[in-house]
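The lines below spell out each chain.
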Amino acid sequence: MEKIRVLAWSERTEPDSVYPKGINGAIADGLRSHDDFEVSTSSLKDVDQGLGDDRLDASDVLIWWGHNKHDLVSNERAESIARRVRAGSLGLIVVHSAILSKPFKALMGTSCGIAGWREDDEPEHVHVVMPNHPIAKGIHDFTIPRTEMYSEPFDVPAPDVLVLESRYEGGEYFRSGCCWLVGNGRVFSFSPGHETLPIMMQDEVKTVLSNAVRWVANLAAE
Ligand code: ZN
């Protein structure tokens, strides 16, 4: 079986105390338990910002985490990613604040802004809207014990499929797992993933991300 080549990228502003290998490193560790993935990591500090054409050409899926340094990613690298996604040669997964990253904004064509957020470490209740979707395989409604609240409206085109939605203690709602078909490519956004909380180590989150890798790679058994 041909492996799905995954590149997990981060700007690396997450605290070492929570993510010693970065959020991308934690995501990569979760994915490496699956035989069908070949996983590597890179960051903003690497050559070509960790996003050189050679690396992108050697990847089927790019997973992106960023927060403070979106503007430091070169427009040229962002466009190179968006072009590959549209052409169907690279699937993109954006995690948490990466919804404001340049490649995702380019692919959505909107601001991708949200109405509000609250860092109070309260629970997030994730509801599986589409249980039969490949990204929901093995997933039932679950709770992230401590999260950062995101609230709607989320300024994106209507997702082609809404797989997951979240509710918070203050009554807020957010579309937390969204799928888009963009050109010949696939994009998934997953909103949990605040950098001061160990959300990427949670089993359900790891399952969502591994399912999402297969879906955006367009090799998932539908
Ligand atoms: Zn956050």
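Sequence order sets the numbering: in each chain, residues are counted from 1 along the sequence as written. At least 70 in pLDDT is required for a residue's local features to be given in this predicted model, at least 80 for side-chain atom pairs to be given and counted, and no such filter applies to totals for whole chains, interfaces and linings, which use all residues. Derived side-chain values reflect all non-hydrogen atoms in the structure, with water molecules and hydrogen atoms excluded from consideration.

**Student:** Give me the pattern of salt bridges: which residues, what numbers.
**Tutor:** What counts as a salt bridge is simple: a side-chain nitrogen of Lys or Arg found within 4 Å of a carboxyl oxygen of Asp or Glu. In this structure the tally under the stated criterion is 17 salt bridges. The closest approach of N and O atoms between Arg77 and Asp53, which form a salt bridge, is 3.0 Å. On the criterion of sequence distance, the pair formed by Arg77 in helix 3 (residues 75–87) and Asp53 in helix 2 (residues 53–57) is long-range, its members being 24 residues apart. Given the relative accessible area of 35%, Asp53 is considered partly exposed. Between Glu122 and Arg118 there is a salt bridge whose closest N-O contact spans 3.8 Å. The network of salt bridges with shared partners includes Asp53, Asp57, Glu76, Arg77 and Arg84. A run of H or I in DSSP counts as a helix once it spans at least four residues, and a run of E counts as a strand once it spans at least two, with each numbered from the N terminus. Any residue under 20% of the maximum accessible area for its type is buried, any over 50% is exposed, and the rest in between are partly exposed; the area is computed with a 1.4 Å probe on protein chains only.

**Student:** Before we move on, could you go through the coordination of the zinc ion and cite the residues and values that matter?
**Tutor:** With water omitted from the atoms examined, metal sites may look incomplete; donors here are N, O and S atoms no farther than 2.8 Å from the metal, or 3.2 Å in the case of Na, K and Ca. Protein coordination at the zinc ion comes from His96 (NE2), Glu148 (OE) and His194 (ND1), with a distance range of 2.0 to 2.1 Å. Look at where the donors of the zinc ion fall in the sequence and you get H-x51-E-x45-H. Placement of the pair is Glu148 in strand 6 (residues 142–151) and His194 in the loop between strand 9 (185–190) and helix 5 (203–216), with a sequence separation of 46 residues. Side by side, Glu148 and His194 carry an identical accessibility label, which is buried.

**Student:** An account of the environment of Leu31 is needed here, citing residue identities and associated values.
**Tutor:** With respect to the helices and strands, Leu31 occurs in helix 1 (residues 22–31). Classification of Leu31 as buried rests on a relative accessible area of 2%. A C-alpha to C-alpha distance of 22 Å links Leu31 and Arg146, two positions 115 residues apart in sequence.

**Student:** How would you explain the pairing of strand 2 (residues 37–43) if you had to name every residue and give the values?
**Tutor:** Pairing geometry for strand 1 (residues 4–10) and strand 2, over 7 bridges, is parallel. Each residue of the ladder has a partner; that of Arg5, found in strand 2, is Glu38. One crossover worth recording links strand 1 to the parallel strand 2 by way of helix 1, and it is right-handed. Note on pairing: two strands pair once DSSP finds at least 2 bridges between them. Seen with its strands pointing away from the viewer, a crossover is right-handed when the path leading from the first strand over the helix to the second is clockwise.

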